[in-house]
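Notes for the structure review
Single-letter residue listing:
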Amino acid sequence: MQRPLLNRRLEGLGTTVFAEMSARALATGSVNLGQGFPDTDGPREIARKAADAVLAGQGNQYPPGPGIPELRNAIADHQRHFYGLGYDPATEVFVTAGATEAIAATLLALLEPGDEVIALEPYYDSYAANIAMTGAERVPVTLRAPSFRPDLTELEAKITARTRLILLNTPHNPTGTVLTRDELRKIANIAIKYDLLVVTDEVYEHLTYDVPHIPIATFPGMRERTVTVSSAGKTFSFTGWKVGWVTATPELVDAVKTVKQFLTFVASGPFQYAVAGALKLPDGYYERLREDLKKRRDLLTAGLRDIGFDVYPADGTYFVTTDIAPLGETDGIEFCLNLPERAGVVAIPSALFYDDKAEGRTKVRFAFCKRQGTLEEALKRLKVLSP
Ligand code: PMP
Ligand code: GLN
């Protein structure tokens, strides 16, 4: 029998739901509260920097492999300014094609077939795919409703001789959970006790509402075993630019670099100049972004509750997680597939991010990084679901 075309490790991973649901939104004229991207671009002066870079011939040819020095310096300054973390821009900061590539390159670099990766479930979809590509196995620690806090006794119990790393995401997509100092300290202690690496996806680092974001690399003994990933997409509302980065020790950066150079080699030349400029924006920029998104979160949360959804409080990210059971619904995937026709709205079935299907079945994610008018229109349309 002929073997299937697709590498069997990737069987069942299918098309990324975000692209599929955005295409559905376009095709049906639905309000898109699915894929997490803002419907307003970031600061005009930063867009201008990108345009100027193109016209000035900055980054139109292959930029340096690790990223342009201006950007690496700006990332190092950002880590020091916000978190007191010192990274050498020459050897410990490395630019990638978005956080997506940073995560892929890191996992491909650090994992071998048979390794186990402990990750917080529900998982961002690319984690499952990247882990599968390496031949390693994911081992979930499920964030369970209603609190979506990790059970760290369970996490420790799941460590085996094959565990290679802990993959974190804080603020967490899709639940909006932001790991607390106490949780992070416990995870750090476990990583040290069992000599594990930590990969932490912090792309929503500036999108927290009344709680602090704390990088796990700030805990004693963690900087040397942690690869921190972030990107400009969410922080500056330019998700299409795909400028991401890792900060880690020179040895870890070298490992990531070995893979990254054979994935894209380099990317986003002129945008690297623009993001270097964006990282120099004053603190007020980040405060306004947070305040603005918090208002949208509150608007969407209250509106969805009025309609009859159970809505779980989100301390961070662009997303609120809901439960559709109170609406008499029993299957989030079915619900999201039918929602464009029923209500003219697109949302994401969180079930796709769970191995524990029972836990995910009726959870649905809505993005609130949209204009007030967009959110109001979506809520108006969703009223047809009211029991
Ligand atoms: N990690 C998480 C948790 C995300 O939600 C996203 C979505 N953008 C990414 C990584 C990818 O970021 P980027 O667009 O910079 O590749
Ligand atoms: N991170 C975005 C989300 O969670 C989507 C990015 C993507 O489409 N890969 O919706």
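Everything discussed here concerns the structure shown above.
Residues numbered from 1 in each chain as written. Chains lettered and ligands numbered in written order. Predicted model: local features only at pLDDT ≥ 70, side-chain atom pairs only at ≥ 80, totals over all residues. Heavy atoms only, no water.

So, about the overall build of the protein. Summing up its helical and strand segments, the protein has 14 helices and 13 strands in all. Scaling as 2.2 N^0.38, a compact globule of 387 residues should have a C-alpha radius of gyration of about 21 Å, and the protein matches this with 20 Å. When the backbone C-alpha atoms are referred to their principal axes, the protein occupies close to 60 × 50 × 50 Å. Looking at the protein as a whole, 56% of its 387 residues are labelled buried. Within the structure as shown, the protein displays about 16,200 Å² of accessible surface, and the carbon and sulfur contribution to it stands at 52%. (Helix = DSSP H or I, 4+ residues; strand = E, 2+ residues; numbered from the N terminus. Rg over C-alpha atoms; globule rule 2.2 N^0.38 Å. Buried < 20%, exposed > 50% of the residue type's maximum accessible area, 1.4 Å probe, protein only. Areas by Shrake-Rupley, 256 points an atom, 1.4 Å probe, with all protein chains shown as cover.)

Moving on: the pattern of salt bridges. Under the criterion given, the structure shown has 22 salt bridges. The partner of E377 in a salt bridge is R381, and the shortest N-O contact between them spans 2.8 Å. With E377 and R381 both in helix 14 (residues 372-382) and four residues apart, this pair spans about one turn of that helix. On the basis of relative accessible area, E377 is assigned to the partly exposed category, the value being 26%. The class of R381 is partly exposed, set by a relative accessible area of 26%. The network of salt bridges with common partners includes R144, D323, D356, E359 and K363. (Salt bridge = Lys/Arg side-chain N within 4 Å of Asp/Glu carboxyl O.)

Our next topic: the layout of surface pockets. Each pocket or cavity is described by its volume, and for the second largest pocket that value is around 260 Å³. Around the second largest pocket, the lining is made up of 16 residues, and of these T40, S237, L289, D292 and R296 lie nearest the centre. Looking at the lining of the second largest pocket residue by residue, the classes come out as seven nonpolar, three polar and six charged. (1 Å grid on protein atoms, 1.4 Å probe; cavity = no way out; pocket = protein on both sides within 12 Å on 5 of 7 lines; lining within 4 Å. Points joined across faces, edges and corners; volume = space filled by probe spheres on them. Nonpolar A, V, L, I, M, F, W, Y, C, P; charged D, E, K, R; others polar.)

Another aspect to go through is the site of ligand 1. As a matter of local geometry, ligand 1 sits amid 14 residues, with T100, D201, Y204, K234 and K242 nearest to it. In the environment of ligand 1, an oxygen atom lies 2.5 Å from a nitrogen or oxygen atom belonging to the side chain of T100. A distance of 2.7 Å separates an oxygen atom of ligand 1 from a polar atom in the side chain of S231. In the complex, 94% of the free accessible area of ligand 1, which totals 390 Å², lies under the protein chains. Each residue belonging to the shell around ligand 1 can be placed in one class, and the counts come to six nonpolar, five polar and three charged. (Near = heavy atom within 4 Å. Polar contact = N/O pair within 3.5 Å; in protein donor to acceptor, adjacent residues only side chain to side chain.)

Turning next to unusual backbone geometry. Of note, the amide linkage connecting E121 to P122 takes the cis form, showing an omega dihedral of 0°. When you line up the elements, P122 lands in the loop between strand 3 (116-121) and helix 5 (125-134). Cis geometry marks the peptide bond from T170 to P171, where omega comes out at -15°. Assignment of secondary structure puts P171 in the loop between strand 5 (163-169) and helix 7 (181-193). For D195, which is not glycine, the phi torsion reads 55° and is therefore positive. Counting through the fold element by element, D195 comes out in the loop between helix 7 and strand 6 (197-201). Judged by its relative accessible area of 60%, D195 falls in the exposed class. Of note in this structure, S268 is not a glycine but carries a positive phi near 60°. Structurally, the position occupied by S268 is in the loop between helix 9 (250-260) and helix 10 (269-278).

Membership of the largest hydrophobic core comes to 95 residues, with the highest contact counts inside it found for F309 and F366. Considering each element in turn, this core owes the most residues, seven residues, to helix 11 (residues 283-307). F148, L152, I159 and F219 belong to the second-largest nonpolar core, a separate cluster that totals 25 residues. (Core = buried A, V, L, I, M, F, W, Y, C linked by side-chain atoms within 4.5 Å.)

Attention now goes to the packing of helix 3 (residues 69-83) against helix 10. Running from N to C, helix 3 and helix 10 cross one another at 30°; their axes reach a closest spacing of 8 Å. It follows from the interaxial angle that helix 3 and helix 10 lie roughly parallel. When you trace helix 3 past helix 10, the crossing you get is left-handed. Facing E70, L71 and A74 of helix 3, the residues of helix 10 in contact are Q272, Y273, V275 and A276. Of the residues assigned to the contact of helix 3 with helix 10, the class counts are five nonpolar, one polar and one charged. (Axes fitted to C-alpha atoms, helices over the stretch in contact; angles between N-to-C directions. Parallel < 35°, antiparallel > 145°, perpendicular 65-115°, else oblique. Left-handed = near helix turned anticlockwise from the far one by under 90°. Contact = heavy atoms within 4.5 Å.)

Our next topic: the sheet that holds strand 10 (residues 319-323). Hydrogen bonds along the backbone pair up the strands of a sheet, which may run parallel or antiparallel. Overall, antiparallel pairing links the four strands, which are arranged 9-10-13-12 in an open sheet. Where the open sheet ends on each side, the last strands, each with one partner, are strand 9 (310-312) and strand 12 (348-349). As defined by bridge partners, strand 10 adjoins strand 13 (residues 363-367) across five bridges and the pair is classed as antiparallel. In the sheet register, F319 faces strand 13, and the bridge partner there is A367. (Pairing = 2+ DSSP bridges.)

Per the counting criterion, the structure on display carries 18 aromatic pairs. Seen from their ring centres, F18 and Y124 are 5.8 Å apart, and the 20° between their planes marks the pair as stacked. With F18 in helix 1 (residues 17-28) and Y124 in the loop between strand 3 and helix 5, this pair connects stretches of sequence that are 106 residues apart. The buried category is assigned to F18, whose relative accessible area is 7%. (Phe/Tyr/Trp six-rings, centres within 6.5 Å; stacked < 30°, edge-to-face > 60°.)

Between helix 4 (residues 98-110) and helix 9, the shortest axis-to-axis distance is 8 Å and the interhelical angle comes to 105°. Viewed along their axes, helix 4 and helix 9 adopt a mutual orientation that is roughly perpendicular. Across from E101, A105, T106, L108, A109 and L110 in helix 4, the residues of helix 9 making contact are L252, A255, V256, V259 and K260. Across the contact of helix 4 with helix 9, the residue classes break down as eight nonpolar, one polar and two charged.

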